[in-house]
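For reference, the chains in residue letters:
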Amino acid sequence: MAFRLKLVPDNTKIDFFRWQWLTAGISGLAMVASVIIILTMGLNFGIDFKGGTTIRAESSTEFSVAEYRDALDGLDLGDVSITEVFDPGFGPDRHVAQIRIGTTNDTGSVTPEELNRIESALRAVDPNVTFAAIESVGPKVSDELIKTALYAVGAATIGILFYIWLRFEWQFAVGAVTALVHDVLVTVGIFSLFQLRFDLTTIAALLTILGYSVNDTVVVFDRLRENLIKFKTMPLIDVMNLTVNETLSRTVMTAVTTALALAALLIWGGDVIRNFVFAMFLGVFIGAYSTVYLAKSVVLWLGVRRDWSKSEKIAKAERDELSGTPFQDTP
Amino acid sequence: MLQIPTWKRVLIIGIVLVGLLYAMPNLFYQRVETHNDAITAAERAGFETPEQAAARSLWPDWLPATLVNLGLDLRGGAHLLGEVNVEEVYASRMTALWPELRDALAAQRDVVGAVRRVPGPPDQLHVEIGNPDQMARAVEIVRGLATPVVSVSGAGTSSLDITAQGATMIVQLSEAERAATDDRTVQQSLEIVRRRVDEVGTREPTIQRQGQDRILIQVPGIGSAEELKELIGTTAKLTFNPVVGRGTDPNVQAGLGNIVVPAMEEPGVYYTLAEAPVVTGEDLTDARPSFDPNGQPAVDFRFGPQGARRFGAYTAANVGQPFAIVLDNQVISAPVIRQAIPGGNGQISGAMTVDESTQLAVLLRAGALPAEMTFLEERTIGPELGQDSIDAGTKAATIATVLVVGYIVASYGLFGAFASAAVIINVILILAIMGAMGATLTLPGIAGIVLTVGTAVDANVIIYERIREELRAGKRVVKAIDDGFNEAMSAIIDANVTTFIAALVMFFLGSGPVKGFAVTLVIGIATSVFTAIYLTRLMIVVWLERRRPASLVL
């Protein structure tokens, strides 16, 4: 008998609905909490969405944030924030600061004169400073970027909703989209809670979470549909438990492989994309949770038509019956 | 399903081999890039220098030399989003219309009376006529100057919008003409920006129109966005105007049809010039940096036949008079015409450095921008930061692959090794397709590939878990594997289509990093379905045929 690593034992019979009110309650609470946190604490928008300029200053000698701040305070730039960036990949002679400056005009990006003043002010306090990256977005574009980002998330949600509705029943679509909204909302909530920078790449991460979460849910639904046809008389709740148990190994397996890949990126991928990877990393776990505990609960509450005989699926059911021994693994 | 015909096997293996072949140059990135650059440079020049031949021989010609484009965040470079101020063109169109309109009305002087331009907004022409009761006739004459609009939406409508208010006639461009003009202005700007960036000769710049009036410019390898801005932000509108007067008062009454322009090198000096130029930069056929007789940097220029004739005629008629060389609303110099200049050659000199004269020559050769640009977004990424990101991304991707492969092999044994091989080939195929399509790899794109490493195994996991179930249900090995593949198919398709929807939305609505990520995701979905369904199946089938196992532990 060869060794096989199995995080999930064979033939699990976990009752996923035993605590369904608790788990659904946690999800509901997390969503409400996220909305409240987002509304009260706001999001730490990056320049993509708020306009402004960020400068990544690198220096071979140690610097103090206060020193930099003093240098820039005299320039009358408005809102300036300076944070020091740490990364395990940096050597001892590498010190990085992220400087953010609010917008100073009402349409365009930073002017060359302004940039010159900032650069020379910083050079005056730290002659070793270099400017590894300078990005500037005018408020006119940032307004549009945030709109497009919202459209993108909305359009993707609707597209997915429509596809699942087409392939499954409407209850499944509602269930999948509830799970998806849950995942996105809670992720954004966590970004708000810890005031992590929220920018265009975060949106890309959210859209990926969206795709991943649905991917996960759909695989379970696919099996649920199959089992609903196979076990026509079994109570819905039991069919669902059976389905989740059958697919549990796969859910965990995929979550772990994805998480492994993302963890490598999180640790060794550098500080530039850390926020982006962190959002996806969160999303994988929240997505796995919502697949197991939320999506199908919604389908259960909505109820689902059990009489499949009038649909075109009867053909498939008959094929299944002919193609071999029916599934025996009743709990 | 487990009988795979030979032609299919050949096709699957063929696709993998072609993928490997096309992805391989990326392993020798520097070498291949030098090779490609040498070829491009030689093609451009029409001949090959010994250095270029040496650079070309770094990579054999018969091997594919496709590389994945590295995005700005990986290579370093500058990104600019400019908005063309299209309204500026309305004003210059009105200015150009005035002499024509004046002459047309003057021809009917006895009917409409004296004609006079009165002040108004720059994009309108306010004209007062002597006999207000003949306004209808005057409007009719002006209408005759209008041309039908040439555009799909505005076809057939007039280019001018004319209204009368008492004795004043207000002429402006019609709505449809404005739209058509905007479009032309942006197209022209795009073309000129492209020419200017090409003149500098950097590698593979991206210059594209975005939306109605925006231009996106990405130039890898350039030092900073400011440098790029200087190159494309300058309008470089060159005109030669007759000089009316010279003084120190910027608010001097210039008189109608004249403009007041500051001198570039003499602070506080203002020239009054006739607004209509004798010749413009558009008449230039060539401009080259050179030196004036005193050894100072200068720019030599040459007019085309038409411009040369006009310039020759004007200088012949105005010997002893000064004329002004105006660049972007500043008088560069105002020499006195000593004799007629018939050849169409000339020189612009003034206090400039060699770099400035080189740049001015580039700008003049490329032509003037029809309107100014406002920059809405700019990003500079230093090459060191880009290299750091590549290093970090490569390291993370390698570690991620090792971790995932280890986990999969530990979970599924030999079949896990099959899936791992498929995942690695998947990454290679992604790189090959990106190279062939000319897609750009960005930092989020690397993250997308790493994510694909994680999710590509998902399809295999679905299949393997299904085979395990079938085996537990007591099926024989071949039957279990066959059913496992068949039953898993619908889940795999549904799962990938939904991710595909999200990726497509990202591609079409997203910009910048989001788009870069979407591209890798879309390609990754396609290749992972291929490797998971076709490639692993082939591996398993070959294994089955060789071993004919009676039992299987999965």
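What you are looking at is a predicted structure, and each value in this text was computed from that prediction instead of being measured. (Residues numbered from 1 in each chain as written. Chains lettered and ligands numbered in written order. Predicted model: local features only at pLDDT ≥ 70, side-chain atom pairs only at ≥ 80, totals over all residues. Heavy atoms only, no water.)

### Looking at unusual backbone geometry
Residue and element names in this part refer to chain B.
Part 1 of the reasoning: At D328, a residue that is not glycine, the phi angle is positive and equals roughly 50 degrees.
Part 2 of the reasoning: If you trace the backbone, D328 turns up in the loop between strand 15 (323-327) and strand 16 (330-333).
Part 3 of the reasoning: A relative accessible area of 27% places D328 in the partly exposed class.
Part 4 of the reasoning: The backbone of N329 shows a phi angle near 60 degrees, a positive value even though the residue is not glycine.
Part 5 of the reasoning: By the secondary structure assignment, N329 is in the loop between strand 15 and strand 16.
Part 6 of the reasoning: Judged by its relative accessible area of 57%, N329 is exposed. (Helix = DSSP H or I, 4+ residues; strand = E, 2+ residues; numbered from the N terminus. Buried < 20%, exposed > 50% of the residue type's maximum accessible area, 1.4 Å probe, protein only.)

### What about the pattern of salt bridges?
Part 1 of the reasoning: Throughout the structure, instances matching the rule amount to 43 salt bridges over all chains.
Part 2 of the reasoning: In this structure, A:R56 engages A:D271 in a salt bridge whose closest nitrogen and oxygen atoms are separated by 2.9 Å. A residue pair is termed long-range when its members are at least 10 positions apart, and A:R56 in strand 2 (residues 52-59) and A:D271 in the loop between helix 8 (236-268) and helix 9 (274-302) qualify at 215 residues.
Part 3 of the reasoning: On the accessibility criterion, A:D271 (16% relative accessible area) is buried.
Part 4 of the reasoning: Across the pair A:R223 and B:E469 runs a salt bridge, and its minimum N-O distance is 2.9 Å. Of this pair, A:R223 sits in helix 7 (residues 200-230) while B:E469 sits in helix 13 (residues 443-472), each in a different chain. (Salt bridge = Lys/Arg side-chain N within 4 Å of Asp/Glu carboxyl O.)

### A look at the interface of chain B and chain A
Many authors give the size of an interface as the accessible area that is lost as the parts come together.
Part 1 of the reasoning: With 68 residues of chain B in contact, the opposing surface of chain A contributes 80 residues.
Part 2 of the reasoning: With both chains or domains summed, chain B and chain A bury close to 6,300 Å², and 63% of this area falls on carbon and sulfur atoms.
Part 3 of the reasoning: When the shortest N-O distance is used, the salt bridge between A:E144 and B:R214 registers 2.7 Å.
Part 4 of the reasoning: Taken together, chain B and chain A are joined by 20 residue pairs in polar contact (both at pLDDT 80 or more).
Part 5 of the reasoning: Of all the secondary structure elements, the ones that give two or more residues to the side of chain B that touches chain A are strand 2 (77-84), helix 9 (225-233), strand 18 (373-381), helix 12 (383-437), helix 13, helix 14 (477-509) and helix 15 (513-547) of chain B.
Part 6 of the reasoning: Ranked by residues supplied to the side of chain B that touches chain A, first place goes to helix 12 of chain B with 17 residues.
Part 7 of the reasoning: For the side of chain B that touches chain A, the residue count by class is 38 nonpolar, 11 polar and 19 charged.
Part 8 of the reasoning: In this sheet, strand 18 of chain B lies alongside strand 5 (residues 130-137) of chain A in antiparallel orientation, the contact comprising five bridges. Residue pairing for strand 18 of chain B: A:I134 is matched across the bridge by B:T380. (Contact = heavy atoms within 4.5 Å. Buried area = accessible area lost by both parts, 1.4 Å probe. Polar contact = N/O pair within 3.5 Å; in protein donor to acceptor, adjacent residues only side chain to side chain. Nonpolar A, V, L, I, M, F, W, Y, C, P; charged D, E, K, R; others polar. Pairing = 2+ DSSP bridges.)

### Re the UniProt feature "domain: Protein export membrane protein SecD/SecF C-terminal" (unreviewed entry) in chain A
Part 1 of the reasoning: Look at the UniProt record and you will see "domain: Protein export membrane protein SecD/SecF C-terminal" (unreviewed entry) annotated at residues 118-303 of chain A.
Part 2 of the reasoning: Secondary structure over residues 118-303 of chain A splits into 83% helix and 5% strand, and the C-alpha atoms at its two ends are 63 Å apart. (UniProt positions renumbered as here; feature names shortened; annotations may be inferred.)

### Quick look at the nonpolar core
Part 1 of the reasoning: Counting residues in each nonpolar core, the largest one holds 142 residues, and the members touching the most others are A:I164, A:F172, A:F276, B:F415, B:Y464 and B:I481.
Part 2 of the reasoning: Ranked by residues supplied to this core, first place goes to helix 15 of chain B with 17 residues.
Part 3 of the reasoning: Residues contacting B:Y464, with those up to four places away along its chain left out, are B:Y412, B:F415, B:G416, B:F418, B:A419, B:T536, B:I540 and B:L554.
Part 4 of the reasoning: The next biggest cluster of nonpolar side chains, apart from the first, holds 47 residues, and it includes B:L125, B:V127, B:V219 and B:V362. (Core = buried A, V, L, I, M, F, W, Y, C linked by side-chain atoms within 4.5 Å.)

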